[in-house]
Amino acid sequence: MKLKAYSALALAGALGLAGCANPDVYSGDVYGSRAAKQAQTVTYATVTSVRPVLIQAGDESPNLIGTLGGGAIGGILGHQVGGGAGQALATAVGAIGGSMVGSRAEDKLSQVKAFEIEVRTDSGENLIVVQKADRTWQPGQRVRLIGSGSNLSVAPN
């Protein structure tokens, strides 16, 4: 009984930590600390198309929490099966299977709904910006592009 309680606690902890990723960093309304008090370039544009996409968060350390947490839980659950050599095999299989399930679960938990926003600047340049789907965008809508290069966001005009 104690082992099942530890399993449930480990699962809750792994899922809780996986949810700690801050998806708001992909919003056009959130600035990173490096952008604060910095001059930003503003370009005016018109939205030409909008397409729903997903941002896969956590590229820096992909699925570490889900893989380790799932492996631990799978190993604990597998250890409860059989005895002797069969128990060792069940523990190993449980750990491997749990790692795979945990990794996939973290993948899904780390996805953020976003828009691929294509714009045409007033100077005639076509650009695409991907950012969190926290507001609606319509083709023909006038917008401001704030920043430049890899630090560019779309904002209402």
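Residues numbered from 1 in each chain as written. Predicted model: local features only at pLDDT ≥ 70, side-chain atom pairs only at ≥ 80, totals over all residues. Heavy atoms only, no water.

K.L.:
Would you take a moment to explain the overall build of the chain for this structure?
P.N.:
On a plain count of helices and strands, the chain comes out with 3 helices and 5 strands. Counted from the first residue to the last, the chain has its helices and strands arranged as α-β-α-α-β-β-β-β. Across the 157 residues of the chain, 28% fall into the buried class. For the chain, long-range pairs separated by at least 24 residues make up 67% of all intrachain contacts whose partners lie at least 6 apart in sequence. Total accessible area on the chain is roughly 9,800 Å²; 60% of this is exposed by carbon and sulfur atoms. (Helix = DSSP H or I, 4+ residues; strand = E, 2+ residues; numbered from the N terminus. Buried < 20%, exposed > 50% of the residue type's maximum accessible area, 1.4 Å probe, protein only. Contact = heavy atoms within 4.5 Å. Areas by Shrake-Rupley, 256 points an atom, 1.4 Å probe, with all protein chains shown as cover.)

K.L.:
Can you help me understand the sheet that holds strand β1 (residues 42-56) in this one?
P.N.:
Whenever strands of a sheet pair, they do so through backbone hydrogen bonds, lying parallel or antiparallel. Overall, antiparallel pairing links the 5 strands, which are arranged β3-β2-β1-β4-β5 in an open sheet. Looking at which strands have only one partner, the edges of the open sheet turn out to be β3 (126-132) and β5 (151-156). Neighbour-to-neighbour, the strand axes of this sheet turn through a mean angle of 40°, independent of strand direction. In the sheet, strand β4 (residues 142-148) pairs with β5 via 6 bridges, with the strands oriented antiparallel. Paired with Ser148 across the two strands is Asn151, which belongs to β5. (Pairing = 2+ DSSP bridges. Axes fitted to C-alpha atoms, helices over the stretch in contact; angles between N-to-C directions.)

K.L.:
So what exactly am I meant to see when it comes to the nonpolar core here?
P.N.:
Core analysis: the biggest nonpolar cluster contains 10 residues, these being Ala45, Val47, Phe115, Ile117, Val119, Val129, Trp137, Val143, Leu145 and Val154. Counting only elements with at least two residues in this core, the list comes to β1, β2 (111-121) and β4. Of all the elements, β2 adds the most residues to this core, at 3 residues. Apart from residues no more than four positions distant in its own chain, Ala45 is found in contact with Val119, Arg120, Thr121, Asp122, Gln141, Arg142, Val143 and Leu145. (Core = buried A, V, L, I, M, F, W, Y, C linked by side-chain atoms within 4.5 Å.)

K.L.:
Help me out: how do you make sense of the pairing of β4 in this one?
P.N.:
Two faces, one strand: in a regular strand the side chains alternate between the faces of the sheet. Bridge count between β1 and β4: 5 bridges; the pairing is antiparallel. Looking at the pairing, Val42 lines up with Ile146 of β4. A loop of 2 residues connects β4 with β5, the two strands running antiparallel in sequence, and Gly149 in this loop sits at a positive phi of about 55°.

K.L.:
In this structure, what is going on with the pattern of salt bridges? I would like to understand it.
P.N.:
Oppositely charged side chains may form a pair once their charged atoms are brought near each other. Going through the model one piece at a time under the given rule, you end up with 2 salt bridges. Glu116 is the partner of Arg51 in a salt bridge, and the nearest nitrogen-oxygen pair spans 3.0 Å. A residue pair is termed long-range when its members are at least 10 positions apart, and Arg51 in strand β1 and Glu116 in strand β2 qualify at 65 residues. The exposure class of Arg51 is partly exposed, given its relative accessible area of 44%. Asp122 is the partner of Arg142 in a salt bridge, and the nearest nitrogen-oxygen pair spans 2.8 Å. Taken as a pair, Arg142 in strand β4 and Asp122 in the loop between β2 and β3 lie far apart in primary sequence, 20 residues in all. A relative accessible area of 34% places Arg142 in the partly exposed class. (Salt bridge = Lys/Arg side-chain N within 4 Å of Asp/Glu carboxyl O.)

K.L.:
How should I be thinking about the environment of Gly69 in this particular structure?
P.N.:
In this fold, Gly69 is placed in helix α2 (residues 64-79). When the C-alpha positions of Gly69 and Gly98 are compared, they lie 7.9 Å apart, and in sequence the two are 29 residues distant.

K.L.:
Can you help me understand the pairing of β2 in this one?
P.N.:
Of the pairings in the sheet, the one linking β1 to β2 comprises 11 bridges and is antiparallel in character. Within β2, the position partnered with Val53 by the bridge is Ala114. Sheet analysis places β2 next to β3, joined by 7 bridges and oriented antiparallel. What sits directly across from Val119, in β3, is Leu127. Between the antiparallel neighbours β2 and β3 lie 4 residues, among them Gly124 with a positive phi of about 95°.

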